[in-house]
Structure formats: C-alpha cells, structure tokens
Amino acid sequence: MSRTNLPVLMFLFCFMVFFGQQAVAQEKWGKVSKEVLAMKVFPEDSTAPAVVLFDVGKISITQQFSMNMERHVRIKILSEEGKDAANVKIRYFHKDNLGRIEAQTILPNGKKIKLNGKQIFEESVKNYYKQKVFAIPGVEVGSVIEYKYKLSSEYLQMLEPWYFQNEYYTKLSKVSVSILPGFHYNAFQRNIFGAEAVPTEEDFIIPSATAKRGKAFTWELENLPGISKEPYMLTLDDYRMALFFQLIEYRDMYSSYRFIKTWDDLAEKLNEAYKEYYEMNGDLRKKMPEIMGDTQVIPEKIKKLYEFSRDGIETDWLATIYPRNKPGEVLEKRKGTPTEKNFLLLSMLRDAGIEAKPMLISTRRNGTLIENWPQLGQFDRVIVYAEYGSQKYFMDAADRYCPFCVLPQNDIVSKGLVIDESRGKIVDIPPPGNNNMTEIQGVMKLDSDGNLEGKFIMHLKGYRDIAMREKLNTTDMEKYISELLTDQFSDAKLDTFEIAHLDSLNLPLAITLNFSVPEFAQIVNDNIYFSLPFLNSQHKNPFRRAKRFFPVDFNYIFRNSENIELSIPKEFEIAELPAQKTLNIKSANYVLQLASGEKGLSIRRNFNLDKTIFYPSEYGFLRSFYGEMVSADQGQVVLRRIPDAAGN
Amino acid sequence: MHSFSRRRHGVRFLIFILFSFIVLTDISAADIAAGTSSENTDAIVVLDELEFHIKNINSAVLNIHRKVQVLREKGKEFGRFSVTENRYAKCKKISARILDLDGKELKELKKDDILKANISPGNTIYDDNKYRLVEFAWPQLPYILEYEYEVEFNTVFMWPDWFPQEDVPVRKSVYRLMLDEPVNYYTYHRGIEISPDVIKKGKKQTLIWTLENLEPRLKEDWMPPEDRHQKYLLFTPAEFQLDGYKGYSDSWAHFGEWDRRLANGRYQLTPELQNTVRKLTADCRTDREKIGKLYSFLQNYTRYVSISLGIGGWQPNSAESVCTNKYGDCKDLTTFMVAMANFVDIPAYPALVKTRDKGVLFRDFPSNQFNHVIAFVPLPDDTMWLECTADYLAAGDLPPDDEGCFVLVINEKNGEIMRTPAKSADKNTVSSIITGDLTNDGELQFTGQVKFTGNNAFSRRAGLLTDERKDLRQIFSTGFLAKYLSSPSLQRCDFENLRDNFDLPLICDFSGTVRKYAVSSARRIFFNPALLHRETASDLPGEEEREFAVNYYFPYSTIDTVRINLPSGYDLEAAPEPLELSAPFGKYRTSYEIRENQLTFVREEAIYNKKIQPEDYAAYRSFMKAVIKNDKANFVLNWM
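Quick caveat, the model's predicted, so the values are computed rather than measured.

Conventions and cut-offs
- Residues numbered from 1 in each chain as written.
- Chains lettered and ligands numbered in written order.
- Predicted model: local features only at pLDDT ≥ 70, side-chain atom pairs only at ≥ 80, totals over all residues.
- Heavy atoms only, no water.
- Helix = DSSP H or I, 4+ residues; strand = E, 2+ residues; numbered from the N terminus.
- Buried < 20%, exposed > 50% of the residue type's maximum accessible area, 1.4 Å probe, protein only.
- Contact = heavy atoms within 4.5 Å.
- Areas by Shrake-Rupley, 256 points an atom, 1.4 Å probe, with all protein chains shown as cover.
- Lys, Arg positive; Asp, Glu negative; His and termini not counted.
- Charge placed at Lys NZ, Arg CZ, Asp CG, Glu CD.
- Buried area = accessible area lost by both parts, 1.4 Å probe.
- Salt bridge = Lys/Arg side-chain N within 4 Å of Asp/Glu carboxyl O.
- Polar contact = N/O pair within 3.5 Å; in protein donor to acceptor, adjacent residues only side chain to side chain.

Engineer: Whenever I open this one, the overall build of chain B confuses me. Can you help?
Structural biologist: Along its length, chain B carries 9 helices and 39 strands. Taking the principal axes of its C-alpha atoms as reference, chain B extends roughly 95 × 70 × 45 Å. When the 640 residues of chain B are sorted by exposure, 58% land in the buried category. In chain B, once contacts between residues fewer than 6 apart in sequence are set aside, the share between residues at least 24 apart is 73%. Accessible area for chain B stands at about 26900 Å²; split by element, carbon and sulfur atoms hold 47% of it. Separation between the mean location of the 82 positive side-chain charges and that of the 91 negative ones in chain B comes to 2 Å.

This is the structure in structure tokens:
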C-alpha cells in the first residue's frame, strides 16, 4: 500500500494538539508455556511446518503526533522447512522509523538465544520503501521464535494496515487501535465477516490528561488457515483477512479538521496536487499539430493523441498515482510511468478542447477497489477518462500493444475514481468487449504412413491479439511460433510461417503456419489411429486441486473456435470417430462436432467462456467441465483400410 | 574441439615507448546505419569496449563503453544494465545517450534516471552490495544506444574478464588493459587466438585485444553450461590483496593458501558444542560412523542463511558463531562441520567448488573460479564428501550440482585439485509398481508404490518438503503423478524415509483414481500404460546436428511395472510393439502381456552419462525418436 506524502495533507497535522499515549499491555515477551515448548505436532494441522501462535499489534497515536505500532509475533517451529519463518523481512515506508527490534529463540529446554543488534540489516526497496532484514539465531525444530518491533510514523492519516492471515496457520491474530478523543478513524475490513468484524471496545485513561479518556478497539481472530497463491488468482492480498484505518476527522474544543472522508474530499486535495501536471509547455504545444495533423474530427483527434502517448513515450512500469515529471518533461525524456504518460495525454486532450479527466484505478495486480473507502492508497494508476458527446473514452497509454479505447489486461477492473475538479466520482468502467477470440482454420492431409502435413491460419482478436503481439515482439518470433505448434503436436516441424498486421494494431493479427508432423498417427495392421489434430486444445486440467477456497478469475471472457478439414488417405475409410460432445455449465460451453465427408473429416471445436469470475461454490463444476473438455479433446479417430484398396 | 591454453604475461621485457592517451574507439552513426537495419536480429552491438586501468594491485579503474543499434523491441534490453558497488568497487560515473541513425542525439541519461537499490539477491538474506540500475530506451525503433560507466576498485581481485560475444552480432569488441606499473597476471582463453597490440611508455604498458564482426553465440538445447560462452579471455592477477589478505594465483597451492588464511582461527567450537560432539560420537566405532552422526547433527542443528558482508563473500564466519546462531552459508556450515570432525580427531577440509551448473573448473588456471564450498573427509577406507547446506542428503552423498566437479581442497598442502564422485545411472533410480482397474468409461482406480534413490530421491525430497503448499498429498498428486495422468485424485499417499534415513530409498505408497484416464468411444478404449515416465518430442533437442554435447542433470534409470485389469468384453486391437534399444549412452525396453484379462506392461529406461557427446548425437537422436514414438503409442481395446 502506498502512502501519501502530498504537502497539503501533511500541513493539516501541524495544528494538532497533544494527547497522551496509551500504555499498552503486551503478551509477555519470552514467557512460553511448557506445553507449547513440548509440542511436536500441531493438532489442527499435522503437516504444518510452523504455526503462528500469535501475531499481536497495538496501534496508537503518541503525544508527539506520530503513530506508533508495536508488534509482537511468536511462531512455533515444527520442521526443518519451518525454520524459514526465522528469516524475517519487515517492509516499511521510507520516511517512517522502524526500531526497537528484538528477536529471540526459545529452545524446547527453555534456553533463550537473542538476536544481536549487529545482525539486523536495512535495505532500500523500490517505490519509497525500506526493509529491515534479520535471521533469528539459534533456531531448532521444536523451538519457539518471537520478534517484536516498533514502527513510528508521522503520517497519521493512514494507520498501518493489519493482515490477519499469514503463510502459516495462525492461532491468534489480534490488533488494537487506541483512538484519542477528537480523532475519528474509519476502519475498513476485507474478508472479515459476522461477529469477527465487530471489535471490542474499551476506555482507557490518558496518562497526561487524566480527565480525558480514549477508546481502544480490538479485533481478535483465531485459527486462521495459511494462505498461498492458486492458479487464476492474481492478487493474494484480495483474499487475506485485513483491516485498514483511515483518519477522517479531528475535532477539539478549539478547532475542527476534516480529513478525507468522502471521495469529494479526496478529489479536492488531489486536484490541487495534480494541477501542475496538466500544464503544457512550449515544446508540447509545438508537437500537437504534428501529432493531430489536419484532422478536425474530435474522436480522431482523441485517437491520435492517445496513439502518440502510447507509442511516442517509453513506459517505465512504476506503479504510482503521483507523477514526478510534468508533461513537457515526459515528452523531453520520452519516458514516463503509466500515470505520467496518461497525464501527458490528459494535458494534450484538454489543450485540444476535449473534456478529459484523470481516473484513478486499482489495477488487478494491486487488488480490488473497496468502494466505500475513500483512500488514495487503494489506487496505483491514473488513466484517462474523456467524454465527447455521448461517447465515453477510457484510455491508458501504458501498453504499446493496446489499440485505441482498449485498456491493458491489468486494467480490467469494474470501477475507477474520476477526479472532476473538486468532485470525486466512482465511475463504472465498461467490461471489455466480447471480441476476445482465437479463430483457427486448419487444412491438412494425412498420408497412409501416418504423416500429417498442412496449414493453420490463426486469427486473433481482443486480448488474445494483444497478448500474442507482445509475445511476438518481445521473444524470438520463430521459436515462439514453433512452440505453439509443438505444444500440440510434439513432433511437428514448422516449415514456413507468415504474420499479417503485426505492426497494425487496428487490424486483427493473423498467423499462417505451414507444418508437417512425421508419424503423427499410429499404424497397427490395417488400422490408423490418431488424436484430433487441434492447434488449440486443452491438454491438462489447470484445476488440479479438488477444492478451492477462493474464486477463479479469468480476467476476460473469450471465444475459441477451431475448424479442421482433414483429408485421409484414399485407401482408408473412417472406422470410428470420437463422440460428439457438448458441455454446458453456467457461462461456459464447449462443443466438439465431427463429420465425415467424401475426402475425409471435418472437425469443429468451440470453447466459449461468458463470465470471468467463478466462485468456490462453482469450482467443482468448472473443474469437472475442464476435465471433460480435456477428455473430449483427446478423442481418437480410427481409420481402416478399405478392403478393395488392400487388394482383397 | 576447442583449444584451451594458458599464458603467463610477464613484465620483464618492457620497452618504453611513447603512447597516446586513450581515445575510445569511435564509429560514426553513418557506419552503423549502413547495411545493418535489414538484419534479422534484435540489435547489433556496434562497439563494446572494456578498459581496465591498473595503477597498482590495490587500485584500478574499469571503464565500459558500449554502442548498440537497437532494431527490435527485444533489443531494448541492452538499455537495461546495472553497476554493482561494494566495499571494493565504487561507481564513479554513468552516462548514456540515445542517437538516431543519423547520429543526432535524442536523449541523454539524467541523474534521476538511475535507480539505486540494495536488495539482496536470491538465497542471500543480506549482502552489502549496492546497485545502480539503468533502464534507458527510446520509443521509436531503430535507434543507437551508447553508454559508459566507470568503476574504481581498491583491489585487482575482481579483474574483469572479456566475453566479446553476445546473442546478437557484435561488430567490434575491444579489451584494453592499461598497466601503470608492472603487474603480473595470467590469462586463460577459449576461441580467442589473437595477441594484443602492445603500446609501451616508460613503466606504463597498454595491451589491446580487438575482435571484429563476431557472430552471435551459438545456442543449442540443453547445452552444457561450460559451452554457453564460446569465446572468452579470462584474467587473474598473479598477486592480489583483499582486506589486507594477500594472495597469489601462480599455483593452486598458493591460491589455496590464501583461502586457508581467511579461515585461520575459525575452527573452534564452543565448550557446549564440544560436549555435544563428544556425546554424539562416544559410541561410534568408526570414523565414518562419527562423520555420519556429526553430519546428521549439522543438518538438524543448523539452517542455511547467507549474510555476506565485505570479505564475508570469501571468508567464513567462525564455527563458534555457527554454534550460537545455528545458521550460516556454505562456507560457514562447512567450517562448522570441519571443526566438529577435527574435534574428534578426524581430518577434514573445506573444498572450493565451481558447481556443475556454472560449468567446469579450468584446472590449469589457478584463480577465483568458485561459487561454493563443501567438506572433504579423507577416511582411510574411502573419502567422504559432505554438502553441508543440504537438509535431505545422506552423509557422503552429493547433490547433482556438486557431482563430478574438480574442486580445490584446502588441506595441509594448501590447495589440491581433486574430483568429486558422481553417481551412476543405477544409483539414481525411480522404480514403480502400479496395479489398477480400468472401467469401460475410462476411469482407472489404482494402488501403487514408487521408490526413488540417489539424485532422484534428493530432488523429490526437496521438491516435496520445500513446496509452499505444504500438503504432501496435494504436491505429489499434482506434481509427480500428474505429469501424464490427468488430475489424479489420491485417497492415500504415505511416505517412508522422507525426512530421515536419507541413505534409504524414498518410498511412496499411494492409491487413487483418475477419472478420465482412458479415452473411450462407442467401440473402443484408448489408453497409454506408461503412467509415470514417457519421452516426448519436447525432450528431444531441436537440432539435427550438434556442436556441443546434450547435457543431462544426472544419469538415471527408471523401471515401471503397470498391471491393469481390463474391462470385460474387450479385446486388445492394437498396441505398440515391444521395443528394446541398447546404446552406449542408454537403454530402453518395453514389454507387455495379457493374462486373465490383466495387462502387465513394463517400461525401462536408462541414460548412462551426464553428457551425450556430439559424436553420439546422431545415434542418440534416432534412439530418442524411437522411444518417443513408442511412448506415444496407445493401447486400443475393441468391444468384442
């Protein structure tokens, strides 16, 4: 999660008054029960290499106007592999202060081995973050490790997020947030439901102002399974139980400060910060006529400006919503982050008299937007929202393979925040079109020795086209195309290939492959056996696990179709064909059709997916659908020699 | 065959002549543009200059200057480079610019285009290297990228080598060595037969090696790591110093002596550990048994953690620190193991290794070629080699990357080259017996056992135990079993000797179901009884002819027996003919029989050597093609 450092936000904190700090009672450092030390196997999960016994955080605001978080983690090590839990990396915002790190190992016999201060290292990480790194010494299987630290930050607007789930099974995860009078924070919960979502509340006395009481809120979750990535699951954090805290108001008897409470609050502040990034300089103004030519048609102007921002500027794939360079500088450098490229586009569109606004999105890699949580840290990219007449344009100039008005795959999200001067509005982003398709036509001939030769023509559209273009441009083209073939026909030889429209993003990509597959079919006595000669079939079921706890996310809907015309040797006839197959589950269907003709065989395969998210309750159906499809795609054709042809 | 030779460059016959100051070779943009843009390549390295200016053995400056014509999107990768800084190397300047093909400057690198980072790589939890990262490109192709950087060294230990070839054509590559005073050094070369131009002025000497119009490196599928570079000139200083430790490269003994001094006084165990070691070995009757106990103790007592600070990249932490921290990297853990062995009066020594994945040690080129350390224990009956970072190995066994390596043993002779053993195919086995019932709709219910030995056991143990999914049944059923079976579902999956008894085979007993094992049609059932091992076309190198050997990770042998009870009412209509192939590099055999409606299918395969030499490639290719064809063939049952 990125942290704002806009001057306008920091300024508001300067007027805050002092309040006391709450004394925090922690789980006792170093006190581990004999039972825990003696534990050899964790009863709830006998294969667990390690178990987080507790992960406890206390968040509070100090009299020095800083946020403090004290965290104490204790882990039981149950196997050699579990020792990895003792290699700790704690990431933090570069302007925060992380200190008072202590760590120790408690051996099964109770002996303690402490981390030495010289064993703690600091690293700089990209995007304004640092991390403290240490390896807790003395770890043995059966031992308990624990570490604690204190994180201080002057950025009170966003408190440290709290993730309840870990890589390992977690017995207890608890976070307390102590709020002083006058402060009003909102807590946003992710994947926490029912009673667990409700914190316990407790008043506490502020030491230096005994007449005043603060309030502590505590969330406590127990017995949380470990969480790790699964196929078709882009952002693990979307599925972790988590809490986020945002300051929305401070009030005392003398003053009242309202922080970002609504999207409008946020837009007002952000609009101020963004103003300088709409500025055109002389060079950019001079460039405009060159880019737009003599076109007077507004949509055409929009397209040309988009294409210039996309192709004319190299992309630096840094995820941030804050441009560092103004449009003129981006033009000069010919390089910019996606956000900077989009501000360049914005400024040019505005200069051309087109109504264009920044739209903040949380890309798929960053996680799902929580709509009722007005928080900048949720976003990682600014795209462009423009309107002309009744037409709305959503543009991101980051990806050089995306045609006009097609957002990059990582941008396929449902909503974004449009900054319309001082108003912030959540706007729906239309889902991508249903033209994501792979159409294949194959014409091929099987000879009586079982050799196959022929041609595939592959047409790609939508995101299929974009993905293929990127591959062809950034890898060894011939090798990649050859692999497309050998992935399906392991012995295939790519004889020649042609690619049409590789450099024309507005025309669908077409690839023609001429190929041969020696000994494609199995010949036994008077029979020939072979599998269906598809270029795009499903070899394996990607959903190997019997159960799934998180949704399957396909990103976009698609259609795959493949039509094969296969000539068979004239001295053979079709003895048996695989069964026709139709599979239908909600929003996915598959059809396999075969027809024999005079010269051979016509095969048609269609696989369409009409929705992108499949929930765990639908997982069984989806898995079984894929299983059936794999089986159908492996269908076998049997030819037999025509008796006359054999001379009988 | 490639010739290898080693030359010693003396300085006794210096002739003092006037030499001009260095001017970086220039090639005009017009030269670059001429006749190149139509080439089917991602980029062309127009000029690659490396200048290493040695003032004395404790002061040197490296200058890199490159000019690249970027032609395709992939060629933009040439604009991504990094400069490493540490206690011994400081980057003094980086500059870069982009030109169009007419030589007009389009862009210049600015300070804020350079990203500084110090993230530790790979398995290292922390090192003190810092990196300056540059990503410099221009949106419109083609263009010319030119960059330079300078690094100051306070040692000549990191003397840069010359690798003039790239994966794209190189028009001109220059290595310029400038010596302000006589410095002895040695070189080692492959594919570079040229002599340098020598310019002398007083005590100063400049040597220039130049190669022009170099073809891209030859790439072949599964080529040995030692052949990835086909042209190189390696350098090592005859004398060097690192953090006050002076060393010499004139012999392995001298080089080893330097390494030995780095570890001086670091073999002491804490009193507590001394007691533990005494107790552990008290009942052992032989030294081998003692080493076995101590090695097992090492595996359980420590974990691999690499923290590399300054000379810590070469100097081990003390055995005492490993006693306390219970962690360390390869050299720390080896030091600890050696200390334990020595404590019970068993001689043991560290051995420096260039692991097999990095190539082969140049034995006649004493120099810093190593990336790993293991322990060597010369017992009277047999020697033992100990990989001290491996958690899943028996004492004396080595993982594939340590096998068959020439290593430098740091013993009383200071440095002695020896070779580690390598297990043969019959020691790296996978054997299985699976019995199943096939239904007429293609489902297979099965029970089976599979045994892994040698490197197969080592790899499998590591794969099972380090997978982040943790669930062994899931890892096994979606990994090893699912290579050719579609979504097997396991009811039972029990392991023997997984976390201990590493000298015994790893055994897995399992039972389960594959719902869509066979393809069934109206009259027929098609299935392939090679359930666990098959060769496919993707296992065959793409080349019709080879310049280099085909490199296997290790030799192996497999034998799989499958018994399938066939559904009643079906006859066997077709099956691949039993096949038996035997070659100097391997063997393959399949057989089957049907008795009382049960098909028994046996498949055996072995590859005897790690490398299939180019002269055997034609025979190997036909061997593999026959195997692939046989492994692909289905059994076909026909409804009677």
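Engineer: Quick question: what am I supposed to make of unusual backbone geometry here?
Structural biologist: A negative phi holds for most residues other than glycine; trans holds for most peptide bonds. Cis geometry is adopted by the peptide bond preceding B:Pro142, which originates at B:Leu141 and carries an omega value of -10°. The backbone of A:Asn525 shows a phi angle near 55°, a positive value even though the residue is not glycine. Considering the arrangement of structural elements, one finds A:Asn525 in the loop between β27 (522-524) and β28 (527-531). Positive phi, close to 50°, is recorded for B:Trp222, a residue that is not glycine. Along the polypeptide, B:Trp222 turns up in the loop between β14 (204-214) and β15 (232-237). Assessed through its relative accessible area of 39%, B:Trp222 is described here as partly exposed.

Engineer: Where do I start with the interface of chain A and chain B in this structure?
Structural biologist: When the parts of a complex come together, some accessible area is lost, and that lost area is often taken as the interface size. If you look at the interface, chain A gives 74 residues, while chain B gives 68 residues. When chain A packs against chain B, close to 5700 Å² is buried across both sides, 46% of that on carbon and sulfur atoms. Scanning the region where chain A abuts chain B turns up 13 salt bridges. As a salt-bridge pair, A:Glu628 and B:Lys516 come within 3.7 Å of each other at their nearest N and O atoms. The interface formed by chain A and chain B contains 37 residue pairs in polar contact (both at pLDDT 80 or more).

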